[in-house]
Amino acid sequence: MLSGRRTVALLLLVAMAGGCTAAAPSPMPAPELRPSWRELTLPAPAGPAGRLVLRDATVCDGRWYVSGALADPAGVTRPVAWTSADGQTWRSLEFLGTSYYGERAVIYALGCRGDRIAMLGARSGGAHGNPRVTQWYGGPDGPLHEVIAGFQLYGGPDAVNTARLAGGPRGWAIAGNRLAGAAVWLSSDATGFGIREGLPELAGDARGETMAYDVLPVPDGWLMVGALSPADRIDRDAMAWTSPDGERWTRLPAPASPAYEQFDRVAVVAGTPHAVGLRGDRFGAWRLADGGWADAGAFGSTRPGPVAWVAGVAVADAGLLAAVSDGEMYRLWLMSPDQGWVSVAPPAPLRAAGVSAAGVAGAGGRVLVIADDGSGAHVWITDLPAKHG
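Conventions we followed
- Residues numbered from 1 in each chain as written.
- Predicted model: local features only at pLDDT ≥ 70, side-chain atom pairs only at ≥ 80, totals over all residues.
- Heavy atoms only, no water.
- Helix = DSSP H or I, 4+ residues; strand = E, 2+ residues; numbered from the N terminus.
- Buried < 20%, exposed > 50% of the residue type's maximum accessible area, 1.4 Å probe, protein only.
- Areas by Shrake-Rupley, 256 points an atom, 1.4 Å probe, with all protein chains shown as cover.
- Core = buried A, V, L, I, M, F, W, Y, C linked by side-chain atoms within 4.5 Å.
- Contact = heavy atoms within 4.5 Å.
- Phe/Tyr/Trp six-rings, centres within 6.5 Å; stacked < 30°, edge-to-face > 60°.
- Lys, Arg positive; Asp, Glu negative; His and termini not counted.
- Salt bridge = Lys/Arg side-chain N within 4 Å of Asp/Glu carboxyl O.
- Polar contact = N/O pair within 3.5 Å; in protein donor to acceptor, adjacent residues only side chain to side chain.
- Pairing = 2+ DSSP bridges.
- Axes fitted to C-alpha atoms, helices over the stretch in contact; angles between N-to-C directions.

## Let's talk about the overall build of the protein chain
Moving on, step 1. Helix and strand counts for the protein chain stand at two helices and 30 strands.
Moving on, step 2. Across the 389 residues that make up the protein chain, the buried fraction comes to 51%.
Moving on, step 3. Accessible surface, the protein chain as shown: approximately 17,700 Å² in total, 56% of it carbon and sulfur.

Below, the structure written as structure tokens:
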């Protein structure tokens, strides 16, 4: 048995040896870009004042757009949108609504082609309180015309949602979902759309349920992104589809993975389509190369419980900018050409609780962020260098 003095000495030697052992290296924090944000004040549109509600932003043909609604004290909304030639000086656009729900629409999705802008709006109503979707089109200086459409086009017993719209050389397309699965609405000029639902490969079938979240024009037609919920397991796999005309679709799945994955948004970066969405407990990106999807990095994290999603993506000289909700806050990430995915410090805490929204837009060296926490909305802008470090 060791004496007390020898025991103390041995313990000291053990402690000293432990103190000399190299500690495991701490994981390196993600690089963070801290731009100088400037808050913008959008001019008040004609008509009664109200609380600003913001839902989307985009840039097309050098023209910037921001959209949403104004809400009066009773919560009654009316559609609003603004445009700018440089992202700094803005003016409001006129809306020529003709229907009950059109006059109350919240403009949540923007799409454009050349000097034509198209929009999707919605306002809950009716016996079941479902969103009543309206569609709009106009020139860069307005006015915005409401398209008169039958209730069954966007609603009815088979309705699920209409998500995003885009314009391209082959016309216009809206990505959305019906009870049969992923669906598409097509138009030659955005003045009226026709629905295509239940299409082979695009819709769900014995392999599982399909969902579409975004659509993009590509040189050989259309690229739509979303997910597949396989029939034989509780999971979700990232899925895309290509089509030469919007009528015939071919599936283009992401590489198989045991993680819960989906494509939320899609954009073209340096001529290559990139999809961004959920990847297990993180966010991920994929690039479309040589007819298949390749890994373009993972970033951020999601929290258990609340649903996480990609709120918006934008492309600028600095790279691909993504606004994501981790279930608690909206956060900004940039896929930089020289550093991979880099965290971007937001202009303010962007809370994602309740009825909230966020979005991004970009062109050249300039990027714009919108955020709405349900009680107030804001717009910020900054100039990002093409190189970081």
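Still to come is the rest of the account.
## Focus on the nonpolar core
Note on soluble globular proteins: their nonpolar side chains tend to be buried together.
Moving on, step 1. Trp37, Leu332, Val344, Val360 and Val369 are the most contacted members of the largest nonpolar core, which has 22 residues in total.
Moving on, step 2. Mapped by element, the contributors of at least two residues to this core are β24 (309-316), β25 (319-325), β26 (330-336), β27 (340-344), β28 (357-363) and β29 (366-372).
Moving on, step 3. Beyond its immediate chain neighbours, meaning those up to four positions away, Trp37 contacts Leu332, Val344, Ala345, Pro346, Pro347, Val367, Val369, Trp380, Ile381 and Thr382.

## A closer look at the packing of aromatic side chains
Moving on, step 1. Counted according to the given criterion, the structure contains nine aromatic pairs.
Moving on, step 2. Ring geometry for Phe95 and Trp136: centres 5.2 Å apart, planes at 80°, overall edge-to-face. Placement of the pair is Phe95 in strand β7 (residues 95-96) and Trp136 in strand β10 (residues 130-138), with a sequence separation of 41 residues. The pair formed by Phe95 and Trp136 is uniform in burial state, with each residue classed as buried.

## Topic: the side chain of Arg236
Moving on, step 1. Tracing the sequence through the fold places Arg236 in the loop between β17 (221-230) and β18 (237-243).
Moving on, step 2. It is Glu209 that comes nearest to the buried, bridge-free Arg236 among opposite-charge side chains, at 6.3 Å.
Moving on, step 3. Within the structure, Arg236 has its side chain in polar contact with the side chain of Tyr213 (distance 3.0 Å).
Moving on, step 4. The residues touching Arg236, leaving out its near neighbours within four places in the chain, are Met211, Tyr213, Ala227, Leu228, Ser229, Pro230, Ala259, Tyr260, Glu261 and Gln262.

## Some details on the sheet that holds strand β6 (residues 90-92)
Moving on, step 1. Read from one edge of the open sheet, four strands run β3-β4-β5-β6, paired in antiparallel fashion. Each edge of the open sheet carries a strand with a single partner, namely β3 (51-60) and β6. Within this sheet the neighbouring strands show an average axis-to-axis angle of 25°, counted without direction.

## So, the pairing of strand β12 (residues 159-168)
Moving on, step 1. Most of β12 sits inside the fold, with seven of its 10 residues counted as buried.
Moving on, step 2. In terms of strand pairing, β12 meets strand β13 (residues 171-178) through eight bridges, oriented antiparallel. Across the sheet, the residue bridging to Leu165 is Ile174, located in β13.
Moving on, step 3. Between the antiparallel neighbours β12 and β13 lie two residues.

## Points about the sheet that holds strand β21 (residues 272-279)
Moving on, step 1. Taken in spatial order, the four strands of this open sheet run β20-β21-β22-β23, and their pairing is antiparallel. Strands at the two margins of the open sheet, each flanked by one partner only, are β20 (261-269) and β23 (292-299). On average, adjacent strands in this sheet sit at an angle of 25° to one another, irrespective of strand direction.
Moving on, step 2. Here eight bridges tie β20 to β21, and the two strands are oriented antiparallel to one another. Bridge pairing in β21 places Val268 opposite Pro273.

## Looking at the pattern of salt bridges
Moving on, step 1. Evaluation of the coordinates by the stated rule reveals 20 salt bridges.
Moving on, step 2. Arg55 is paired through a salt bridge with Asp372; the nearest N and O atoms lie 3.2 Å apart. Of the two residues, Arg55 sits in strand β3 while Asp372 sits in strand β29, which places them 317 residues apart along the sequence.
Moving on, step 3. The salt bridge partner of Arg233 is Asp237, with a shortest N-O separation of 2.6 Å.
Moving on, step 4. Sharing partners across several salt bridges, the network here consists of Glu201, Asp205, Arg207 and Arg251.

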